[in-house]
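# Examining the three-dimensional arrangement
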Amino acid sequence: MAERRVTVDGQTYALKPPFLVMATQNPIDHEGTFPLPEAQLDRFLIKLSLGYPSIEDEAKMLDRLQHGHPIDDLPAVVSAADVVACQEAIRSVYVDDLVRTYLLQIVEKTRHHEDVRLGASPRASIALYRTAQAVAAMAGRDFVLPDDVKRMVVPVLVHRIILKPESRLRKVTPLSVVQEILPEVAVPVPAGQKEQGEDYFQ
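Residues numbered from 1 in each chain as written. Predicted model: local features only at pLDDT ≥ 70, side-chain atom pairs only at ≥ 80, totals over all residues. Heavy atoms only, no water.

### With respect to the overall build of the protein chain
Stated formally: Think of it this way: any DSSP run of H or I at least four residues long counts as a helix, any run of E at least two long counts as a strand, and we number them from the N terminus. Only protein chains enter the area calculation, which uses a 1.4 Å probe; residues under 20% of their type maximum are buried, those over 50% are exposed, and those in between are partly exposed. We call two residues in contact when some of their heavy atoms are within 4.5 Å. A 1.4 Å probe and the Shrake-Rupley method give the accessible areas. Residues count as covered only by the protein chains that appear here. Charge counting follows a simple rule: Lys and Arg are positive, Asp and Glu are negative, and His as well as the terminal groups are ignored. Working definition for charges: the position is that of NZ of Lys, CZ of Arg, CG of Asp or CD of Glu.
Helix and strand content of the protein chain: eight helices and four strands. For the protein chain, the α and β elements follow one another from N to C terminus as β-β-α-α-α-α-β-α-α-β-α-α. Expressed as lengths along the three principal axes of its C-alpha atoms, the size of the protein chain is roughly 55 × 45 × 45 Å. Counting over 202 residues, the protein chain shows a buried share of 26%. For the protein chain, contacts bridging at least 24 residues in sequence account for 65% of all contacts bridging at least 6. As displayed, the protein chain offers around 14,700 Å² of accessible surface, 56% of which is attributable to carbon and sulfur atoms. One finds the centroid of the 23 positive side-chain charges in the protein chain at a distance of 5 Å from the centroid of its 28 negative side-chain charges.

### Structural notes on the packing of aromatic side chains
This is how the line gets drawn: Each Phe, Tyr or Trp ring (for Trp, its six-membered ring) is paired with any other whose centre lies within 6.5 Å, and the angle between the two planes then decides the class: stacked below 30 degrees, edge-to-face above 60, tilted in between. Remark: a charge is flagged as sitting over a ring if the NZ atom of Lys or the CZ atom of Arg is within 6 Å of the ring centre and within 35 degrees of the ring normal.
Tallied over the entire structure, the rule returns zero aromatic pairs. Above the ring of Phe143, the side-chain terminus of Arg141 is found at 5.8 Å from the ring centroid.

### Considering the environment of Asp82
Following the sequence through the fold, Asp82 ends up in helix H3 (residues 80-90). It is 26 Å that separates the C-alpha atoms of Asp82 and Thr12, two residues lying 70 residues apart in sequence.

### Re helix H8 (residues 174-181)
Short version of the rule: To obtain the arc, one takes the directions from the helix axis to the C-beta atoms.
For H8, the set of buried residues is Val177, Val178 and Ile181. The buried residues of H8 all sit within an arc of 95° when viewed along its axis, so they share a single face. Tucked inside the fold, the buried residues of H8 contact helix H4 (97-110), strand S3 (116-118), helix H6 (146-157) and strand S4 (162-163).

### Focus on the packing of H4 against H6
This is how it is decided: Axis definition: a line fitted to C-alpha atoms, limited for helices to the stretch in contact. Angles are taken between N-to-C directions and run from 0 to 180 degrees. For classification purposes, angles smaller than 35 degrees are called roughly parallel, those larger than 145 roughly antiparallel, those between 65 and 115 roughly perpendicular, and all remaining angles oblique. We call a crossing left-handed when the near helix sits turned anticlockwise from the far one by less than a right angle, and right-handed when that turn is clockwise. Residue type decides the class: Asp, Glu, Lys and Arg count as charged, Ala, Val, Leu, Ile, Met, Phe, Trp, Tyr, Cys and Pro as nonpolar, and the leftover types, Gly among them, as polar.
It is the contact of H4 with H6, at a shortest axis distance of 10 Å, that shows an interaxial angle of 30°. By the angle class used here, H4 and H6 are roughly parallel. Here the hand of the crossing between H4 and H6 comes out right-handed. Here Val99, Tyr102, Leu103, Ile106, Val107 and Thr110 of H4 come into contact with H6, specifically with Pro146, Val149, Lys150, Val153 and Leu157. Here the residues of the contact of H4 with H6 sort into nine nonpolar, one polar and one charged.

### Describing the pairing of strand S2 (residues 11-14)
Short version of the rule: In short, DSSP must find at least two bridges between two strands for them to pair.
Relative to S2, strand S1 (residues 5-8) runs antiparallel, the two being bridged by four bridges. Paired with Val6 across the two strands is Tyr13, which belongs to S2.

### Things to note about the side chain of Gln133
Inclusion rule: Pairs of N or O atoms are called polar contacts if they sit within 3.5 Å, as long as, within protein, a hydrogen donor faces a hydrogen acceptor (for residues adjacent in sequence, only side-chain-to-side-chain pairs).
Summarising the element assignment, Gln133 is placed in helix H5 (residues 122-138). At a separation of 3.0 Å, a polar atom in the side chain of Gln133 contacts the main-chain carbonyl oxygen of Val93. With residues near it in sequence (within four places) discarded, Gln133 still touches Ile90, Arg91, Val93, Val95 and Val144.

### What about unusual backbone geometry?
Cis geometry is adopted by the peptide bond preceding Pro18, which originates at Pro17 and carries an omega value of 5°. Within the element layout of this structure, Pro18 appears in the loop between S2 and helix H1 (38-41). The phi torsion at Asp9 lies on the positive side, around 50°, for a residue other than glycine. Along the chain, the position of Asp9 falls in the loop between S1 and S2. Even without a glycine there, the phi angle at Lys171 is positive, about 70°. Along the chain, Lys171 turns up in the loop between helix H7 (165-169) and H8. Look at Lys171 and you get exposed, because its relative accessible area is 70%.

What follows is the structure in C-alpha cells.
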C-alpha cells in the first residue's frame, strides 16, 4: 500500500492518484482468510464497523434492487482531479498547537495503558491529524476543534491497539481502552475567534 503499486503475474503497475485501498472483513466465516499482521493494519487510515442496517434502510435497499442493481447505473459524482485537489486543500486546515498536543496526548496514553501490549504508532498520529483536518473542512471550517479529534479517535485508533493476552481474557477491548483514555486527557478550551497572531485555544 505504501508503494502505491500492484503486481499481477509478475508485472508491476504504478497506480495513479488518488490512491485508495478498501478491504472488507466478514466477522463470522474466517475459513481461508487470516488476520492481518499489525504492521499491515497500521497502514489502514480508518476502520468502520457497519453492522446491520435499520429496517427503514433495508426497506429502501429492497426498493432500489427491485428492477436491477443500482451500482450498474451509478454515475461518477466527482473527478479524480477533484479528489486530489481536496486532499491537497485539507493540508491547509489550521491545527492549533494545543489541539495538536491534545491529539498526541491521546495517542501517547495508548502506549502506556496497563492493558495494552502495543499502542498506537506515529502513523496513527498522522492519521488522526489528517482525518481531524478533513472533518473540520467538511464542517466548513478552516481550523480543527478538539471535537474533530475526538470524533475520529475510535475509527483511527481502535484497530491499531494490540492488547495483552490476559486483558483479552478479561474481555477488555481496544474500544474500551480508548473510551477509558479519552476522559483522562484535558480538552483545550476555545479562547475566542482566531485572529492573526492570536491563539485560538487556551
